Amino acid sequence: MKTKHFLSAILLTASLAAFAQTPAPHTYDFAVPNSKGDTIWYLITSPRTVAVSFRCDSVSTVIKSDHYLSWGKLPPRNLYQGNLVVPDKVGWQSVEYRVTAVAAFAFWNTSVESVSLPAGTDSIGNYNFINCSGLKKLSLPDSVRYIGDCCFWSADLEEVHLGDLVSHLGKLAFGASGIRRFVCPPLVTKIEQCCVNCPYLSEVILPEGLDTIIYGFGDTPSLKYIHFPNTLVHVSGFGQNSGLREVVFPASVRTVSYFSGCPHLSSVEFLGGTDSISAFGTSDTSLLYLDLSPTRMRVWKRNSLYNEKMRGLILPQSLKKIDAYATGMFGGHGISEITYVSLVLPEKVDSIHLHAWVGIPYYHEHVKGELVLKSVEPPKIYYEFKMDSNSKLHPEM
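Residues numbered from 1 in each chain as written. Predicted model: local features only at pLDDT ≥ 70, side-chain atom pairs only at ≥ 80, totals over all residues. Heavy atoms only, no water.

Chemist: For the pattern of salt bridges, give the residues involved together with the corresponding values.
Modeler: This structure, assessed with the given rule, holds seven salt bridges. The partner of Asp 156 in a salt bridge is Lys 136, with the nearest N and O atoms 3.6 Å apart. Linking Asp 156 in the loop between β13 (146–147) and β14 (159–161) with Lys 136 in the loop between β11 (123–124) and β12 (137–139), this pair joins segments that are 20 residues apart in sequence. By relative accessible area, Lys 136 is classed as partly exposed at 36%. A salt bridge links Arg 181 to Glu 203, with the shortest nitrogen-to-oxygen separation between them at 3.0 Å. On the criterion of sequence distance, the pair formed by Arg 181 in strand β16 (residues 181–183) and Glu 203 in strand β18 (residues 203–205) is long-range, its members being 22 residues apart. With relative accessibility at 42%, the residue Arg 181 sits in the partly exposed group. (Salt bridge = Lys/Arg side-chain N within 4 Å of Asp/Glu carboxyl O. Helix = DSSP H or I, 4+ residues; strand = E, 2+ residues; numbered from the N terminus. Buried < 20%, exposed > 50% of the residue type's maximum accessible area, 1.4 Å probe, protein only.)

In structure tokens, the structure reads:
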């Protein structure tokens, strides 16, 4: 459907490698046709419950995951196809079973066009709808609580309905898929690598209650804006989002990292509360000015802020320390093109590393308690900072 991004491929490989290889178990216990005559394979999960599973005649890689419905082989081509309707109950050998889950790999690499799951289904196992090129829309029962890792990876799925009871979204759940709109269920508190490399994703709705995003929406070029909930505490991983225009971090956010490679990003606003900013690479953005004064940042970390185009940077009054290569990038080598027009430092900074300004076309002096930063072309860029009696420059690494 599309060329997969290299980073996304690494993430998928790492996720697969997290599971242990074991001797091949059976992937199903019995098979029964549904009312339309389509054969469905089932795996017994308790004396009265089953999970939809699959049949695979070719022995390939066998994987066991952390989820209890995870036994399965990687089939070269699954046997399900067309419009599949799964019943809520199924009988086998005089026993009636309730269908309560979908086992891992159940619909891997199938040609299904639609899947109707019964009410009462509470779990969708890992790697379920990978490479389902014909599946465009999917509505999961409102009873579903668990969605496994890589569940919809690389599926052509454009639209999916997730019920309000979903509390767990697995890593890479929608990675590299065709999803257009993502509405996060209200009980989800953490998103990790959820929608990376989704080229058509243009709308994301996040609930109040979500507190952590870890590389949740990287490589989504159609996403222009995202609203963060007021409960968000940790956010990272919006790199390579060529469509992103603006970002507002609510006062609840404490840590921010990795927002590089966003060429159209022109507005970033912090509403306060943030005390840690790292790898906030505004390189390759349209961001010219950045006001960090509302934040509670105490340390300007190595390589945490860099941008060849930035003209103004205001740092918070809470700042106490500036590390080496604070404006550097790629291992701290610095950027010769940085041309700050204004660099506003707070009065109470008491620790500035000797190499803090590597990469900026300034020279700096420490003479009689004063730190003087001047441009190579004065007076275009000039800043003078009075230091108190306790201030000092640190030459150590």
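We are not done yet, so read on.
Chemist: Describe the sheet that holds strand β19 (residues 212–214), and please don't skip the residues or the numbers.
Modeler: If you walk across this open sheet you meet the five strands as β17-β19-β20-β22-β24, and the pairing is parallel. In the strand order of this sheet, the two ends are held by β17 (190–192) and β24 (276–278), each with one partner. Strand-to-strand, the axes of this sheet are offset by a mean angle of 10 degrees, without reference to chain direction. (Pairing = 2+ DSSP bridges. Axes fitted to C-alpha atoms, helices over the stretch in contact; angles between N-to-C directions.)

Chemist: Quick one: what's the story with the packing of aromatic side chains, residue by residue and with numbers?
Modeler: Inspection of the entire model under this criterion finds 17 aromatic pairs. Both rings, one in Phe 107 and one in Phe 129, keep their centres 5.1 Å apart while their planes meet at 10 degrees; by these two values the pair is stacked. Here Phe 107 is found in the loop between β9 (95–102) and β10 (111–116), whereas its partner Phe 129 is found in the loop between β11 and β12, with 22 residues between them in sequence. As far as burial versus exposure is concerned, Phe 107 and Phe 129 are alike and both buried. Note on Phe 228 and Phe 249: the rings are 5.8 Å apart at their centroids and 20 degrees apart in plane angle, and the pair reads as stacked. Of the two residues, Phe 228 is situated in the loop between β19 and β20 (234–236) and Phe 249 in strand β21 (residues 246–249); the sequence distance between them amounts to 21 residues. (Phe/Tyr/Trp six-rings, centres within 6.5 Å; stacked < 30°, edge-to-face > 60°.)

Chemist: An account of unusual backbone geometry is requested, with residue identities and associated values reported.
Modeler: Negative phi characterises most residues that are not glycine, and trans characterises most peptide bonds. For Ala 176, which is not a glycine, the phi torsion comes out positive at approximately 60 degrees. Of note, Ala 176 is situated in the loop between β15 (168–169) and β16. Not every positive phi belongs to a glycine, and Asn 197 is a case in point at roughly 60 degrees.

Chemist: Explain the side chain of Glu 192 residue by residue, including any values.
Modeler: Position of Glu 192 relative to the elements: it lies in strand β17. Those residues in contact with Glu 192 that lie beyond four places of it in its chain are Gly 170, Lys 171, Leu 172 and Ile 214. (Contact = heavy atoms within 4.5 Å.)

Chemist: Quick one: what's the story with the environment of Ile 213, residue by residue and with numbers?
Modeler: Turning to its location among the elements, Ile 213 is positioned in strand β19. Between the C-alpha atoms of Ile 213 and Lys 190, which are 23 residues apart in sequence, the distance is 6.0 Å. Apart from residues lying up to four places away in sequence, Ile 213 is in contact with Ile 191, Leu 206, Phe 228, Leu 232, His 234, Val 235, Ser 236 and Phe 238.

Chemist: Got a sec to walk through the nonpolar core? Specific residues and values, please.
Modeler: Phe 174, Phe 182, Leu 206, Phe 217, Phe 228 and Phe 249 are the most contacted members of the largest nonpolar core, which totals 95 residues. Contributions of two or more residues to this core are made by β2 (30–33), β3 (39–46), β4 (49–52), β9, β10, β21 and β23 (267–270). If we skip the residues at most four places from it in the chain, Phe 249 touches Phe 228, Val 235, Val 256, Phe 259, Val 268, Glu 269, Phe 270, Leu 271 and Phe 280. (Core = buried A, V, L, I, M, F, W, Y, C linked by side-chain atoms within 4.5 Å.)

Chemist: Lay out the environment of Tyr 215 with the relevant residues and their values.
Modeler: Positionally, Tyr 215 belongs in the loop between β19 and β20. With 24 residues separating them in the primary sequence, Tyr 215 and Gly 239 have C-alpha atoms 8.1 Å apart. A polar contact of 2.9 Å, which involves the side chain of Tyr 215, links it to the side chain of Asp 219. (Polar contact = N/O pair within 3.5 Å; in protein donor to acceptor, adjacent residues only side chain to side chain.)

Chemist: Break down the confidence of the model for the protein for me, citing the residues and quoting the values.
Modeler: Any segment with low pLDDT has predicted coordinates that should not be analysed in fine detail. The pLDDT averaged across the protein works out to 76; a share of 70% of its residues lies at or above 70. Per-residue pLDDT stays below 50 along residues 329–341; that stretch engages in 45 contacts with residues further than four places along the chain or on separate chains. (pLDDT = per-residue confidence, 0-100.)

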